[in-house]
Amino acid sequence: MKKIKFSIIIPIRKANPYLKETLEKLKHQSVKNFEILVITDKISGTASPSEKRNLGAIKAKGEYLVFFDDDSFPNKNYFKNATKLVDKYKDISGFCGPCLTPPKDNIYQQASGLVWLSWLGSGGAGMYRNSIQKQRLVEDYPSVNLIVKKSDFNLTGGFNTSYWPGEDTLLCLSLVKDLKKKILYNPLLIVYHHRRSVIIPHLQQITRYAITRGFFAKRFPENSRKIGYFIPSLFAIYILLFSIVNLLNLYLPKELKYLIYLFNLPLYLYLSILFFTLIKFISQKNNIKVSLLATITIPITHIYYGILFLNGLFKKEIKFKPHAFDKKTGKYIGG
């Protein structure tokens, strides 16, 4: 019997077209030293993604656990490259790689992908998560493309089921801080991740992430209290002050109006960077409509994320309470 090196764990609510695509892509991997565990609500008895992943880890036979989302799939040589990496870096506990936008995504999804891969749009998350960058050590990575040595995963106690999203951040924190292990980002571990369309679905996805990251910046600062996560909030506050200060311009004496111009300089700088980002988008995609959509979405994302980050920062608690699933009736209980 062929040895199983990797156990792929995919949590889902129920079967969907994206999952079918993922399973089809896995059939065509150049190396097939893995098993696939798809954990549904019916199997786990809960809607909680972290509980499903923990259940998958218990059932897993592989030496390494591979976490994908149901709307993501690896490139053809993912497990060939992963095998080389885990064999070369036996002291490394976790591995991850870039999450790229599938070429077949529609223009609204492509625009969302452009926001995330750009320097201006990605902010604290880092461009390396959404574009191909140099190999590096990281201390936080999402479970859409994360490989963890099973023995170390067990030592951490698995995913914290009290939080979603953010359970992957806490797992990484436990690996790095508590176990003193390392997580390696490698550009060859490519996963394609379907994006949420701009603007409403894109912002809906950001809602929980922003609130959770704001809360984590206070509660778990080791890998969440970074300047990049705070900048959108500072920008949102600045825009509010910009409106107020420019109203005062009507009442300032002429000799003090230069103070208003100085206050406006950061916005002029931001708009200049946004313009050059648009030019870069057009050169990358050769599609003006997608580029414009992405460019417009960036400041909206910054302000929206910034406000919700502050909301999370001042929350006392954000415990996640998933619906329980009754396997007998096929219905959800509570919430």
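Residues numbered from 1 in each chain as written. Predicted model: local features only at pLDDT ≥ 70, side-chain atom pairs only at ≥ 80, totals over all residues. Heavy atoms only, no water.

(A) Summary view of the packing of aromatic side chains. Following the criterion strictly, the structure yields 26 aromatic pairs and no others. With 6.0 Å between their ring centres and 40° between their planes, Phe 6 and Tyr 64 make a pair best called tilted. Of this pair, Phe 6 sits in strand S1 (residues 6-11) while Tyr 64 sits in strand S3 (residues 64-68), and the two are 58 residues apart along the sequence. You can call Tyr 64 buried: its relative accessible area is 2%. Through a chain of ring-to-ring contacts, the aromatic side chains of Phe 6, Phe 34, Tyr 64, Phe 68, Tyr 78, Phe 79 and Phe 95 assemble into a single cluster. Just above the ring of Phe 159 sits the side chain of Arg 53; from NZ or CZ to the centre is 5.8 Å. The ring of Tyr 185 carries the charged tip of Arg 136 above its face, separated from the ring centre by 5.8 Å. (Phe/Tyr/Trp six-rings, centres within 6.5 Å; stacked < 30°, edge-to-face > 60°. Helix = DSSP H or I, 4+ residues; strand = E, 2+ residues; numbered from the N terminus. Buried < 20%, exposed > 50% of the residue type's maximum accessible area, 1.4 Å probe, protein only. Lys NZ or Arg CZ within 6 Å of the ring centre and 35° of its normal.)

(B) Representation of helix H11 (residues 258-285). In this model, H11 (28 residues) spans 40 Å end to end at C-alpha, consistent with the 40 Å of a helix rising 1.5 Å per residue. Where H11 bends most, at Asn 264, the angle is about 35°, and the proline Pro 266 comes one to four residues later. Of all the residues in H11, the buried ones are Ile 260, Asn 264, Leu 267, Tyr 270, Leu 274, Thr 277, Leu 278 and Phe 281. Two residues or fewer after H11 comes Asn 286, characterised by a positive phi angle close to 55°. (Expected span 1.5 Å × (residues − 1). Bend = angle between axes of the 7 residues up to and from the residue.)

(C) Quick peek at the pattern of salt bridges. According to the stated counting rule, one finds 12 salt bridges in the structure shown. For Asp 87, the salt bridge is made with Lys 5, and the minimal N-O distance between the two is 3.2 Å. In this pair, Asp 87 sits in helix H4 (residues 78-88) while Lys 5 sits in the segment before S1, placing the two residues 82 residues apart along the sequence. Residue Glu 167 is joined to Arg 53 by a salt bridge in which the shortest nitrogen-to-oxygen separation is 3.0 Å. Residue Glu 167 is found in helix H8 (residues 167-178), and its partner Arg 53 is found in helix H3 (residues 49-59); the two are separated by 114 residues along the sequence. Judged by its relative accessible area of 2%, Glu 167 is buried. Within the structure, one salt-bridge network assembled from shared partners comprises Lys 5, Glu 63 and Asp 87. (Salt bridge = Lys/Arg side-chain N within 4 Å of Asp/Glu carboxyl O.)

(D) Representation of the sheet that holds strand S7 (residues 136-138) within the structure. Overall, mixed pairing links the seven strands, which are arranged S2-S1-S3-S8-S5-S9-S7 in an open sheet. A single partner strand is all that each edge strand has here, and the edge strands are strand S2 (34-39) and S7. Recorded for the sheet is a direction-independent mean angle of 25° between the axes of neighbouring strands. With four bridges joining them, S1 and S3 adopt parallel strand pairing. In the strand pairing of S3, Phe 6 is matched with Tyr 64. Across the sheet, helix H1 (residues 17-27) touches S1, S2 and S3, and the angle it forms with S2 is around 170°. Running at roughly 155° to S1, H3 makes contact with S1, S2 and S3 of the sheet. (Pairing = 2+ DSSP bridges. Axes fitted to C-alpha atoms, helices over the stretch in contact; angles between N-to-C directions. Contact = heavy atoms within 4.5 Å.)

(E) Structural view of the packing of H11 against helix H12 (residues 288-313). It is the contact of H11 with H12, at a shortest axis distance of 9 Å, that shows an interaxial angle of 145°. Seen along the crossing, H11 lies across H12 with a hand that is right-handed. Counting all contacts with H11, which are made through Tyr 270, Leu 274, Thr 277, Leu 278, Phe 281, Ile 282 and Lys 285, the residues of H12 involved are Ser 291, Leu 292, Ala 294, Thr 295, Ile 298, Pro 299 and His 302. The residue makeup of the contact of H11 with H12, split by class, is nine nonpolar, four polar and one charged. (Left-handed = near helix turned anticlockwise from the far one by under 90°. Nonpolar A, V, L, I, M, F, W, Y, C, P; charged D, E, K, R; others polar.)

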